[in-house]
Amino acid sequence: MGNIIGGGIFLLPASVAPFGTISLVAFGVLTLGAICLALVFGRLAQRHPDTGGPYVYAREAFGDFAGFLSAWSYWTMTWVSNAALAVAAVGYVHVLFPGHASKGVDLAVALGALWLPALANFAGTRYVGAVQLVSTVLKFVPLLFIAIVGMFFFDPHKLGSFHEGGGSTLGGLSAAAAILLYSYVGVESAAMSAGEVRDPERNVGRATVLGTIGAAVVYLLGTLAVFGTVSHDKLVKSQAPFSDAVDAMFGGHWGGTVIAAAAVISIVGALNGWTLMSAQSPYAAAKDGLFPAAFLKKQRGVPTFGVLAAAVLASALTVINYFLGTGGVFEILVLITTFSATVPYLLAAGAQIYFLLSGRRDKVRPGRFARDLTLAVLAFGFTFWLVAGAGYAAIYQGVLFLFAGILVYALMAARRSDRAERRDEPEHPQEAREAAPSLVGAAASSGSGPDA
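For every chain, the first residue of the written sequence is number 1, and numbering continues from 1 along that sequence. Under the rules for a predicted model, residues below a pLDDT of 70 receive no local features and side-chain atom pairs below 80 are neither given nor counted, while totals for whole chains, interfaces and linings still include all residues. Calculation of side-chain values draws on the structure's entire complement of heavy atoms; hydrogens and water are dropped beforehand.

Enquirer: Which residues make up the side chain of Gln-132, and what are the values?
Expert: Strands here are runs of E lasting at least two residues and helices are runs of H or I lasting at least four, both read from the DSSP assignment and numbered beginning at the N terminus. Looking at the secondary structure, you find Gln-132 in helix H6 (residues 125-149). Residue classification places Gln-132 among the buried positions, given a relative accessible area of 15%. Only 3.0 Å separates the side chain of Gln-132 from the side chain of Asn-272, close enough to count as a polar contact. By definition, residues are in contact when any of their heavy atoms lie within 4.5 Å. If we skip the residues at most four places from it in the chain, Gln-132 touches Gly-2, Asn-3, Gly-269, Asn-272 and Gly-273. Each residue is assigned to one of three classes by its accessible area relative to the maximum for its type, calculated with a 1.4 Å probe on protein chains only: buried under 20%, partly exposed between the two thresholds, exposed over 50%. Two N or O atoms form a polar contact when they lie within 3.5 Å of each other; inside protein one atom must be a possible hydrogen donor and the other a possible acceptor, and for residues adjacent in sequence the pair counts only when both atoms belong to side chains.

Below, the structure written as structure tokens:
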């Protein structure tokens, strides 16, 4: 839940308000799709309770190359997204501490947001879990409070029309969905660390489904509460919709400070979880020789080199953002993450379908073939919709970045092949060379010639 709910929830109502209340319908459809995907991850984790999640399922079903693509895409998505979250945190810090901002101070705040969660990860999975629990409660409670209390101040006249703007209703639904699609990225978080979870066959599936449902409750009720308490014309232009909702309910202007604090806590908590996720996928791939062996370094349940690599790469992107601006390289890479997140999802849903239809039902829970197949097909369709909603630019850039990983795979495959050949070489090469002529002579004496 902490990974799913990041910083975007605090701007979502204003982002989809221009499409009208049809965006609430789009949110409902997306929620059903996300729950289907969560159930699929829960099923797969029961039979493969190993660190790596989607990577493990893709490799088991389709082989090394598919597993590598899943791990590469997921790894790319995590550390680039971490940089984006860190930059987003700076804006909310300005609300808490207003004044004359400078580029140097903003950069220091963003880097601090990256490295504090990294230090928590170095302390071990127990500390990661503790930070995640506290931060999730601190952000979940105020959001849920606004969502529930907002129902008592709900005014239907503030909703606006069902479909705003021109075009068809279906077009408005799809446009709103395109913005909301990535609200549920993170449903795989529990499966990613299954190898470090107590009783993973039971707990990973429960955490995945309950966490997704918990996030969905906050998303749906919170967005509905904001729609019903802030007039539509004001909501469309709002820069802090939840703050405006608090001000509308209780008066005054203290809502902005409360929501800004919740947003900072939410982002830091999400960074805490995503920093661990950024290390788990390459760790699992490195165990199979598909990623460099350095990613295998692990202490207190945390792949330390993976955490360090992700923090360094995210820091580099953050520096690029502040020197080149949001319209530079950083924005392009953020677009890539929107596509990269869907590759592991598609492969995981496809793996579930493969296990069922190939007769390998021992890889999923037995006796539930029809239900499991229906869920897998729906999850695949939902993820395919995610790809379509990413937009042409994101898909174009994402595919290029995905294909760049083929070079890394080729290098790692060549290294594995070289090691295998060296293992198969005779221990005494001189004896092997001396034995070769005798073998040729034996073949000649038996009547075998070069033609044979």
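Enquirer: Before we move on, can you summarise the packing of aromatic side chains with the specific residues and values?
Expert: Geometry of an aromatic ring pair is reported as the spacing of the ring centres plus the angle between the planes. In summary, the pairing rule links any two rings of Phe, Tyr or Trp, Trp by its six-membered ring, whose centres are within 6.5 Å, and it sorts them by plane angle into stacked for under 30 degrees, edge-to-face for over 60 and tilted for everything else. All chains considered together, the criterion is met by 23 aromatic pairs. Between Phe-68 and Phe-291, the ring centres sit 5.8 Å apart and the planes meet at 45°, which makes this aromatic pair tilted. Taken as a pair, Phe-68 in helix H4 (residues 64-96) and Phe-291 in the loop between helix H12 (255-287) and helix H13 (304-324) lie far apart in primary sequence, 223 residues in all. Here Phe-68 and Phe-291 have matching classes, each one buried. Arranged with centres 6.3 Å apart and planes meeting at 20°, the rings of Phe-380 and Phe-384 form a pair that is stacked. Highlighted residues: Phe-380 and Phe-384, both in helix H16 (residues 369-389), separated by four residues, approximately one helical turn. For Phe-380, a relative accessible area of 31% corresponds to the partly exposed category. Members of the aromatic cluster, each reached through a chain of ring pairs, are Phe-65, Phe-68, Trp-72, Trp-75, Trp-79, Phe-291, Phe-295, Phe-305, Phe-401 and Tyr-409.

Enquirer: An account of helix H3 (residues 54-62) is requested, with residue identities and associated values reported.
Expert: Three or more residues of H3 are buried, namely Pro-54, Tyr-55, Val-56, Tyr-57, Ala-58 and Ala-61. Here the buried face of H3 lies against helix H2 (22-47), H4, helix H8 (189-192), H12 and helix H15 (342-357). Phi for Gly-63, located one or two positions after H3, is positive at around 100°.

Enquirer: Describe the nonpolar core, naming the residues involved and giving the relevant values.
Expert: Definition of nonpolar core: a set of buried residues of the types Ala, Val, Leu, Ile, Met, Phe, Trp, Tyr and Cys, connected through side-chain atoms within 4.5 Å. Ranked by internal contacts, the top residues of the largest apolar core, which has 119 residues, are Ile-5, Ile-9, Phe-10, Tyr-57, Tyr-184, Trp-274 and Phe-291. Setting aside residues up to four positions removed in sequence, Phe-10 forms contacts with Tyr-92, Leu-143, Pro-241, Phe-242, Ile-259, Ala-262, Ala-263 and Ser-266.

Enquirer: Mind laying out empty space enclosed by the protein, listing which residues take part and the relevant values?
Expert: For cavity detection a 1 Å grid was placed over the protein atoms alone, and a set of points counts as a cavity when a 1.4 Å probe fits there but cannot get out; an open set counts as a pocket when protein lies on both sides within 12 Å along at least five of seven lines, with lining residues being those that have an atom within 4 Å of a point. Grid points are joined across faces, edges and corners, and a volume is the space filled by probe spheres set on the points. Tallied over the full model, the rule gives two cavities of 30 Å³ or more. The computed volume of the largest cavity comes to approximately 50 Å³. When contributions to the lining of the largest cavity are tallied by element, the ones reaching two or more residues are helix H5 (103-122) and H13. Residue classes follow a fixed rule: Ala, Val, Leu, Ile, Met, Phe, Trp, Tyr, Cys and Pro count as nonpolar, while Asp, Glu, Lys and Arg count as charged, and any other residue, Gly among them, counts as polar. For the lining of the largest cavity, a count of residues per class yields six nonpolar, two polar and no charged. Around the second largest cavity sit Ala-34, Leu-37, Leu-181, Tyr-184, Val-185, Val-187, Tyr-345, Phe-382 and Leu-386, which together line it. Elements that contribute at least two residues to the lining of the second largest cavity include exactly H2 and H16.

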